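Here is what each chain is made of, one letter per residue.
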Amino acid sequence: MATKIRLQRRGRKGYAFYSIVIADARAPRDGKFTEKIGTYNPNTNPATVDLNFERALHWVETGAQPTDTVRNILSHEGVYLMKHLLGGVKKGAFDEAEAQKRFDAWKESKVKGDDKVRNEMAKAKKDAYEKELKAEKAINEAIAKKVAEKKAAAAAAEAEAPAEAEEAPAEA
């Protein structure tokens, strides 16, 4: 049986949500599957992946072929790195503790990089909000200044009008 690791579409129209499943290559996309190993939600920023790492590693080692998108997801989660490190352990290049140490170092640097990107995005969003708020305040101040000028002009015109009205009956 040719086994594939692929995405199974879920969610409503226009809001896709995927399950990562192990399925026979001949089965339909949303049909029968052997095992569900995770979920993938591309609607969040960044995309959310919930993956059973051990089962994904097991299926990759047993020869299941992932689709292109799933291969990217597995690579991003470190499944292929761990497969590579375990291959080094089997060849005797280093022991399992060293492999785990290398994987943990990679995962830590990846988490730091992801946190840095999230912080930069949050800072950019905050800066854009503050810039927009500053521009809106400037517009509001300009409008308030125009309104104050109109009121002052109307008050000056009103002050002159009663004075002229009082003088007019005196002349008649």
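Residues numbered from 1 in each chain as written. Predicted model: local features only at pLDDT ≥ 70, side-chain atom pairs only at ≥ 80, totals over all residues. Heavy atoms only, no water.

Enquirer: I'd like a rundown of the sheet that holds strand β1 (residues 3–12), residues and numbers included.
Expert: In space, the five strands of this open sheet follow the order β4-β3-β2-β1-β5, with mixed pairing throughout. Looking at which strands have only one partner, the edges of the open sheet turn out to be β4 (48–51) and β5 (65–66). Pairing between β1 and β5: two bridges, direction parallel. Of the residues in β5, the one forming a bridge with I5 is P66. The strands that helix α2 (residues 68–77) touches are β1, β2 (15–24), β3 (35–41), β4 and β5; relative to β1, the one it contacts most, it runs at about 95 degrees. (Pairing = 2+ DSSP bridges. Helix = DSSP H or I, 4+ residues; strand = E, 2+ residues; numbered from the N terminus. Contact = heavy atoms within 4.5 Å. Axes fitted to C-alpha atoms, helices over the stretch in contact; angles between N-to-C directions.)

Enquirer: Describe a nonpolar patch on the surface, with residues and values.
Expert: Among the surface-exposed residues, I139, I143 and V147 lie close enough to one another that they form a single nonpolar patch of about 260 Å² accessible area. Mapped onto the elements of the fold, V147 is located in helix α4 (residues 96–171). (Patch = residues over 30% accessible without salt bridge, like charges linked within 9 Å, V, L, I, M, F, W, Y side chains within 5 Å. Areas by Shrake-Rupley, 256 points an atom, 1.4 Å probe, with all protein chains shown as cover. Salt bridge = Lys/Arg side-chain N within 4 Å of Asp/Glu carboxyl O.)

Enquirer: Which residues make up the packing of aromatic side chains, and what values do they have?
Expert: Within this structure, the stated rule accounts for three aromatic pairs. Here Y18 and Y40 contribute two aromatic rings whose centre-to-centre distance is 6.1 Å and whose plane-to-plane angle is 25 degrees, an arrangement assigned as stacked. With Y18 in strand β2 and Y40 in strand β3, the pair connects residues that are 22 residues apart, well separated along the chain. Here F103 and W106 contribute two aromatic rings whose centre-to-centre distance is 5.8 Å and whose plane-to-plane angle is 35 degrees, an arrangement assigned as tilted. Taken together, the residues F103 and W106, both in helix α4 and three residues apart, mark about one turn of the helix. (Phe/Tyr/Trp six-rings, centres within 6.5 Å; stacked < 30°, edge-to-face > 60°.)

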